[in-house]
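Tertiary structure, described
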Amino acid sequence: MRTLLLICLISAIFSAVTFDLEQVRKDLLTRHNYYRAKHQAPDLTRLAKLEEISQSYSEHLASIGYLVHSSNKLNGNYIGENLYMGYNAGYLGTKPVDAWYDEIKDYDFNKAEFTSGTGHFTQVVWKNSKQVGCGVACATNNYCYVTCNYYPAGNYLGQFKTNVLPLSDTTPVVTDAPVTDAPVTDAPVTDAPVEEDDSDSDLEKFRKTILTKHNYYRKLHQVGNLVRDPTLESIAQKTAEYMKKIDNFSFANDKYQGKPIGQNIFWYWGSFTGDKIADMWYESESQYDYSKAQYDGNTGDFTQLVWKNTKKIGCGYACNGKECYGICTYYPAGNYMNQFAANVFPKK
């Protein structure tokens, strides 16, 4: 699925929030199987090795304070992955799966294809996934991170019709009993800070500074400038407002001229600037392997930022007090498989 990066100002250490991990895992399994029964998919069963992987990764997320997908494997094979972050430990056994499943409202069963805004839902009900393992960890700011990993992985291109089935006519019985081969999601730039009009709103200042910082980094990687696009900005702002409303993360489901858009998402506590958000996305450049030139869940935010074929950008954010959700949307989208060598270049 499309690039996902959510940013937190607070350096997290594990918190005093308490919960029964075994019970949460049982509840998460039950909730998965409740929804799977609605779609004629067999029950998942727990796998200890997946739980070990997911618990380690949830603890990693709590320590860094933001969500980003892993590139973890099981016995050398790709695993599916759904991530969730929520405040406090209440309803951890149900709310993550409910949030993932809620994407059903945007899934087109007739087209039966992957979209960035429905990948959590399709993984939850993916028929060929047989085993699940979930982990939970909470940080000092009382935000809790949930990772669920699935095997075999779901969301393979060309397999949606046979693995994501429509709602059945029967009422499911609840019992107690996891993206493609790699998931798939002209003003001159200067190094000087962008000049801001005192009359600019905070949002306008954010949009100006994040564009300038994008183009600063893109120049380092020998690619052309992005330009702002009002349609993309409208999509981004609408999505940011929606994330604020549900107090959770969500991808934009909109398309630009009928085609997919790229997306980088963030969450931030406290004051921030467009420079700071772009810097955080760019940080994963140090992990990108230019010799392999391929998608990696840890570097997708960076590769979208410098993707050569991307020409336009639109950003937005919305805050509830100090808690802010934001997103930048890109067109044409980046992070397409087999196109990394031609679009992501080393620094000069």
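Residues numbered from 1 in each chain as written. Predicted model: local features only at pLDDT ≥ 70, side-chain atom pairs only at ≥ 80, totals over all residues. Heavy atoms only, no water.

So, the overall build of the protein chain
To keep it simple, the criterion reads: Numbering of helices and strands starts at the N terminus; helices are DSSP runs of H or I of at least 4 residues and strands are runs of E of at least 2. Summary of the burial criterion: residues with accessible area below 20% of their type's maximum are buried, those above 50% are exposed, and those between are partly exposed, where the area comes from a 1.4 Å probe applied to protein chains only. Values of accessible area rely on a 1.4 Å probe in the Shrake-Rupley scheme; residue burial ignores everything except the protein chains shown.
Within the protein chain, the secondary structure is distributed over nine helices and ten strands. The buried share of the protein chain, taken over its 348 residues, is 53%. Accessible surface, the protein chain as shown: approximately 15100 Å² in total, 49% of it carbon and sulfur.

A closer look at the pairing of strand E10 (residues 323–331)
Stated precisely, the cut-off is as follows: For two strands to pair, DSSP has to find at least two bridges joining them.
Taking burial as the measure, the nine residues of E10 include nine buried ones, the bulk of the element. The two faces of E10 match: Glu-323, Tyr-325, Ile-327, Thr-329 and Tyr-331 on one face and Cys-324, Gly-326, Cys-328 and Tyr-330 on the other face are all buried. Direction of pairing for strand E8 (residues 262–269) relative to E10: antiparallel, over a ladder of eight bridges. Bridging from a neighbouring strand, Asn-264 pairs with Cys-328 of E10. Alignment of strand E9 (residues 312–320) against E10, held across nine bridges, turns out to be antiparallel. From the neighbouring strand, Gly-316 faces E10, where its bridge partner is Ile-327. In textbook terms, the turn of a hairpin is the stretch between consecutive antiparallel strands, and for E9 and E10 this stretch comprises two residues, one of which, Gly-321, has a positive phi near 70 degrees.

So, the sheet that holds E8
Where we set the bar: Any two residues having at least one pair of non-hydrogen atoms within 4.5 Å are treated as being in contact. As a rule, the C-alpha atoms of each element are fitted with a line to give its axis, helices using only the stretch in contact, and angles between N-to-C directions run from 0 to 180 degrees.
Here four strands make up an open sheet; going across it, the order is E7-E9-E10-E8 and the pairing mixed. The open sheet is flanked by strand E7 (227–228) and E8, the only strands paired with a single partner. Seen against the sheet, helix H6 (residues 202–220) touches E7, E8, E9 and E10 and runs at an angle of roughly 135 degrees to E9. Sitting on the sheet, helix H8 (residues 274–282) is in contact with E8 and E10, with an inclination near 115 degrees to E8.

Some remarks on the nonpolar core
Inclusion rule: Throughout this description, the term nonpolar core refers to a set of buried Ala, Val, Leu, Ile, Met, Phe, Trp, Tyr and Cys residues connected via side-chain atoms within 4.5 Å.
Counting 28 residues, the largest nonpolar core has Trp-100, Val-146 and Cys-148 as its most contacted members. Among the secondary structure elements, those contributing two or more residues to this core are helix H1 (21–38), helix H3 (95–101), helix H4 (119–125), strand E5 (131–138) and strand E6 (143–151). The residues contacting Val-146, other than those within four sequence positions of it, are Leu-28, Ser-58, Asn-82, Leu-83, Tyr-84, Leu-92, Pro-96, Trp-100, Gly-135 and Val-136. Counting residues in hydrophobic clusters, the runner-up holds 27 residues, among them Phe-206, Tyr-282, Leu-305 and Ile-313.

Details of H8
Heads up, the rule is: Each direction from the helix axis to a C-beta atom contributes to the arc, which is the arc of those directions.
Among the residues of H8, Gly-274, Ile-277, Ala-278, Trp-281 and Tyr-282 are the ones counted as buried. All buried residues of H8 lie within an arc of 135 degrees about the axis, which places them on one face of the element. Looking at the buried positions of H8, the neighbouring elements they touch are H6, E8, helix H9 (300–305) and E10.

What about the packing of aromatic side chains?
Spelled out, the test is: Under the pairing criterion, centres of Phe, Tyr and Trp rings, with the six-membered ring standing for Trp, must be within 6.5 Å; the plane angle then separates stacked pairs below 30 degrees from edge-to-face pairs above 60, leaving the rest tilted.
Counted according to the given criterion, the structure contains 22 aromatic pairs. When the centroid spacing of 5.0 Å and the interplanar angle of 85 degrees are considered together, the rings of Trp-126 and Phe-160 count as edge-to-face. Placement of the pair is Trp-126 in the loop between H4 and E5 and Phe-160 in helix H5 (residues 160–163), with a sequence separation of 34 residues. Under the relative-accessibility criterion, Trp-126 is labelled buried at 0%. Aromatic pair Tyr-217 and Tyr-282: ring centres 3.8 Å apart, planes at 10 degrees, arrangement stacked. Note that Tyr-217 is positioned in helix H6 and Tyr-282 in helix H8, a separation of 65 residues in sequence. Pair check on accessibility: Tyr-217 and Tyr-282 agree, each one buried.

So, to be careful, I would describe these as geometric facts and stop short of saying anything about function.
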